[in-house]
Amino acid sequence: MSSDILEILDREKDHDDTEAGNYFVANYPPFAYWTTEAAGGVESLLERPATPEVPLGVYFHVPFCRKRCHFCYFRVYTDKNAEEIKGYLDAGMAELERYANAPLFQGRKPRFVYFGGGTPSYLSVSQLQALTGRMKELMPWDAAEEVTFECEPGTLTEQKLSALREIGVTRLSLGVENFDSRILEINGRAHRTAEIHRAYGYARSIGFPQINIDLIAGMVEETPENWRENIRKTLELQPDSVTIYQMEVPYNTGIYREMKAAGKLTAPVASWQTKRGWVDEAFAALEADGYTVTSGYTAVRDPARTRFVYRDQLWAGADLIGLGVASFSHVAGTHFQNLPEFSQYLEAIRAGRLPASRAHITTAEERMIRELILQLKLGRVSCSYFADKFGVDLRARFGQQWSDLKTRGLLGEDGDRLQLTREALLKVDTLLHAFFLPQHRGTRYT
Ligand code: SF4
């Protein structure tokens with residue numbers, strides 16, 4: 001008997017073109033298994049006694065952008081005025097107040113805070129100061145090891161960056177995506193090359209403890225020469241960490257709508273093999289420059305100093321309160337997502353209801369698999385960690401998967417650790433499906 005690994009690897013050869021659909025595995029069980037019925041149970045979760053031993057994080061979703069990128073699949077708004085934005089931020093704080101007063105969160109302070117989007121840096125300095133001031137009143141940040149803030153380079157001024165530092169942001173993440181203005185324009189990004197350099201210069205001079213640069217391998221019209229130029233410019237800047245995503249084309253993107261209108265099945269972006277080759281090339285160049293690859297997407301300049309608390313805590317089962325429209329939470333073993341429409345979200349908050357729209361109460365086995373697949377994205381898993389936390393013998397429980405990976409030369413062992421090769425790490429999201437429970441395999445991952 002073989003696991004799905006061999007089938008996945010064989011199928012991959014015939015599906016090298018980038019077709020429409022989600023590639024990235026963000027959570028487990030897949031969202032298709034979350035239900036509206038389960039969302040009804042979220043209120044009662046908050047009444048449980050506090051669990052101070054479980055690390056806690058807070059995510060705030062800012063769904064506003066200057067314009068919509070052609071590859072974007074998030075629900076973002078480009079037309080909200082200052083009053084509507086204020087209404088949204090107030091609603092987010094009313095939501096946080098609800099959590100802050102709940103028995104489950106008494107005596108618990110966030111270990112990490114994350115502002116994602118959308119474009120958090122779309123907010124003005126005064127909006128940011130008011131928002132974070134209120135957040136800290138409700139749930140103080142003095143125990144937070146990391147505060148991450150996602151930015152679009154064209155929205156950053158020196159004054160805004162100084163305000164972010166004063167607010168307590170420790171990890172600034174710049175959505176560079178590509179250094180070439182023409183490629184940025186073709187892909188519908190709002191910023192251009194000059195804005196990247198200007199924003200990076202200000203951020204460095206202000207002295208953020210950590211600056212991350214996001215890149216996307218395989219944007220529309222990316223070429224090998226241009227990709228090499230992206231690597232060269234990244235090395236020139238010497239960011240503390242570099243995150244590289246492989247371009248995917250989910251169904252709700254502008255690129256997919258154009259494909260559909262033209263009757264095409266294949267997206268106008270590089271093949272998966274080419275994209276993996278580009279990430280491989282970038283990782284090799286970064287390693288040659290002293291960086292360390294710490295996941296299938298990330299390289300860091302100094303692993304002793306540069307951590308990513310949000311990722312590491314979340315992937316090890318921390319609780320996460322997700323605030324704002326369409327945000328994802330993971331609390332006391334239950335996954336839930338907030339209402340996905342702006343008006344529905346505001347209406348729920350104004351009516352004093354929790355805005356949860358779909359949820360899934362995980363079993364102990366699902367929580368174990370969730371941590372396994374998320375930690376495999378780091379390229380290695382510790383067997384003793386899983387034995388201690390879940391009482392599972394990882395080697396025996398997934399014996400067939402490990403054996404199949406070894407047969408294809410994709411897995412090694414290092415004492416307690418099972419370790420993916422670089423080749424496996426670059427296609428890790430494809431391989432993870434083989435670790436899903438049988439009832440969760442073969443469905444669309446949305
Ligand atoms: S900046 Fe990010 S969230 Fe906004 S449209 Fe572009 S990809 Fe989407």
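Every residue gets a number counted from 1 within its own chain, in the order that chain's sequence is written. The model is predicted, so local features are restricted to residues of pLDDT at least 70 and side-chain atom pairs to those at 80 or more, both for listing and for counting; the totals for chains, interfaces and linings are taken over all residues.

Participant: Could you clarify how one ought to interpret the overall build of the chain in this entry?
Facilitator: Strands are runs of DSSP state E lasting at least two residues, helices are runs of H or I lasting at least four, and both sets are numbered from the N terminus onward. Of regular secondary structure, the chain possesses 19 helices and 15 strands. The C-alpha atoms of the chain give a radius of gyration of 21 Å, which matches the 22 Å a tight globule of 446 residues would have. If you line up the chain on its principal axes, its C-alpha atoms span 55 × 50 × 50 Å. With C-beta atoms placed from the backbone, a residue counts as buried when 20 or more other C-beta atoms lie within 10 Å of its own, as exposed when 12 or fewer do, and as partly exposed for counts between those limits. By the burial criterion, 43% of the 446 residues in the chain qualify as buried. Note on method: radius of gyration uses C-alpha positions; expected globular size equals 2.2 Å times residues raised to 0.38.

Participant: Explain the site of the ligand here, please?
Facilitator: Cys 65, Arg 68, Cys 69, Cys 72, Phe 74, Val 76, Gly 117, Gly 118, Thr 119 and Glu 152 make up every residue found near the ligand. Residues are grouped as follows: Ala, Val, Leu, Ile, Met, Phe, Trp, Tyr, Cys and Pro are nonpolar; Asp, Glu, Lys and Arg are charged; every other residue, Gly included, is polar. Taken together, the residues of the shell around the ligand break down into five nonpolar, three polar and two charged. The C-beta atom of each residue is placed using the backbone, and any residue whose C-beta lies within 6 Å of a molecule or strand is treated as near it.

Participant: Can you help me understand the domain arrangement of the chain in this one?
Facilitator: Size of an interface: often given as the accessible area lost when the parts come together. As far as domains go, the chain holds domain 1 (1–29 + 380–446) and domain 2 (31–313). The gap between the C-alpha centroids of domain 1 and domain 2 is 26 Å. The contact criterion used is a C-beta to C-beta distance within 7 Å, with each C-beta placed from the backbone. Contacts between domain 1 and domain 2 engage 19 residues on the former and 22 residues on the latter. When grouped by side-chain class, the residues that make up the side of domain 1 that touches domain 2 number seven nonpolar, six polar and six charged. Here the limits of each domain have been adopted from an automatic or database domain assignment.

Participant: Which parts of the structure should I look at to understand the sheet that holds strand S14 (residues 411–414)?
Facilitator: Note on sheets: strands pair through backbone hydrogen bonds, and any given pair is parallel or antiparallel. Should DSSP find at least two bridges between two strands, the strands are regarded as paired. Reading across from one edge, S13-S15-S14 is the order of the three strands in this open sheet, with antiparallel pairing throughout. Of all the strands in the sheet, just strand S13 (380–382) and S14 have a single pairing partner and so form its edges. Adjacent strand axes in the sheet meet at a mean angle of 20°, parallel and antiparallel pairs treated alike. Here S14 pairs with strand S15 (residues 417–420) via four bridges, running antiparallel. By the bridge assignment for S15, Leu 411 is matched with Leu 420. A fitted line through C-alpha atoms represents every axis, and for helices the fit uses only the stretch in contact; the resulting angles, taken between N-to-C directions, go from 0 to 180 degrees.

Participant: Can you help me understand the packing of helix H5 (residues 125–138) against helix H6 (residues 158–167) in this one?
Facilitator: For any two helices packed against each other, the geometry is given by the interaxial angle and the distance between the axes. Axis separation between H5 and H6 bottoms out at 10 Å; the angle between their running directions is 10°. One finds that H5 runs roughly parallel with respect to H6. For the pair H5 and H6, the contacting residues are Val 125, Leu 128, Gln 129 and Thr 132 in the first and Gln 159, Lys 160, Ala 163 and Ile 167 in the second. Looking at the contact of H5 with H6 residue by residue, the classes come out as four nonpolar, three polar and one charged. Geometric relationships in this document are graded by angle, where less than 35 degrees denotes roughly parallel, more than 145 denotes roughly antiparallel, 65 to 115 denotes roughly perpendicular, and other angles denote oblique.

Participant: Would you take a moment to explain H5 for this structure?
Facilitator: An α-helical turn contains 3.6 residues, so a residue and the one three or four places further along point in the same direction. In this analysis, the expected span of each helix is defined as 1.5 Å times one less than the number of residues it contains. With 14 residues, H5 should cover 20 Å at 1.5 Å per step; its first-to-last C-alpha distance of 20 Å lies within 8% of that length. Residues of H5 that are buried make contact with helix H4 (82–100) and H6.

Participant: Teacher, can you tell me more about the packing of H4 against helix H13 (residues 342–350) here?
Facilitator: Viewed as axis vectors pointing N to C, H4 and H13 meet at an angle of 50°, and their least axial separation amounts to 10 Å. Considering their axes alone, H4 and H13 lie oblique with respect to each other. Our pair here, H4 against H13, has a crossing hand that is left-handed. Contacts between H4 and H13 pair Gly 87, Tyr 88, Ala 91, Ala 94 and Glu 95 from the former with Tyr 345, Leu 346 and Ile 349 from the latter. Crossing handedness: left-handed means the near helix sits turned counterclockwise from the far one by under a right angle, and right-handed means the same turn made clockwise.

Participant: Could you clarify how one ought to interpret the pairing of S15 in this entry?
Facilitator: Within a regular strand, side chains alternate between the sheet's two faces. Burial of S15 is one-sided: the residues Leu 418 and Leu 420 facing one way are buried, the residues Arg 417 and Gln 419 facing the other way are not. Relative to S15, S13 runs antiparallel, the two being bridged by three bridges. In the strand pairing of S15, Val 381 is matched with Leu 418. The hairpin turn running from S14 into S15, its antiparallel successor, is two residues long, and Gly 415 in that turn takes a positive phi close to 60°.

Participant: Looking at this model, I keep getting lost on unusual backbone geometry. Mind explaining?
Facilitator: As a rule of thumb, non-glycine residues mostly have phi less than zero, and peptide bonds are mostly trans rather than cis. Residue Pro 29 follows Tyr 28 across a cis peptide bond; omega there is -10°. Position of Pro 29 among the secondary structure elements: in the loop between helix H1 (4–14) and helix H2 (36–39). Note that the residue after Gly 117, namely Gly 118, is joined by a cis bond; omega there is 20°. Counting through the fold element by element, Gly 118 comes out in the loop between strand S2 (112–117) and H5. Positive phi values are uncommon outside glycine, yet Glu 177 reaches one of about 70°. Its location among the elements puts Glu 177 in strand S4 (residues 171–177). With 25 C-beta atoms packed within 10 Å, Glu 177 lands in the buried category. Of note in this structure, Ala 326 is not a glycine but carries a positive phi near 65°.

Participant: Quick question: what am I supposed to make of the nonpolar core here?
Facilitator: Side chains of nonpolar character tend, in soluble globular proteins, to be buried together. Counting 108 residues, the largest nonpolar core has Leu 172, Ala 217, Leu 372, Ile 373 and Phe 435 as its most contacted members. Those residues in contact with Phe 435 that lie beyond four places of it in its chain are Ile 369, Leu 372, Ile 373, Phe 398 and Gln 401. Counting seven residues, the second largest nonpolar core, distinct from the first, contains Ala 39, Leu 354, Ala 356 and Ala 359. Any nonpolar core is a set of buried residues, restricted to Ala, Val, Leu, Ile, Met, Phe, Trp, Tyr and Cys, that join up through C-beta atoms within 7 Å.

Participant: I keep staring at the environment of Asp 4 and nothing clicks. Help me out?
Facilitator: Its location among the elements puts Asp 4 in helix H1. Counting along the chain gives 396 residues from Asp 4 to Gln 400, while the straight-line C-alpha distance between them is 9.2 Å. Leave out the neighbours within four places in its chain, and Asp 4 touches His 433, Ala 434 and Arg 441.

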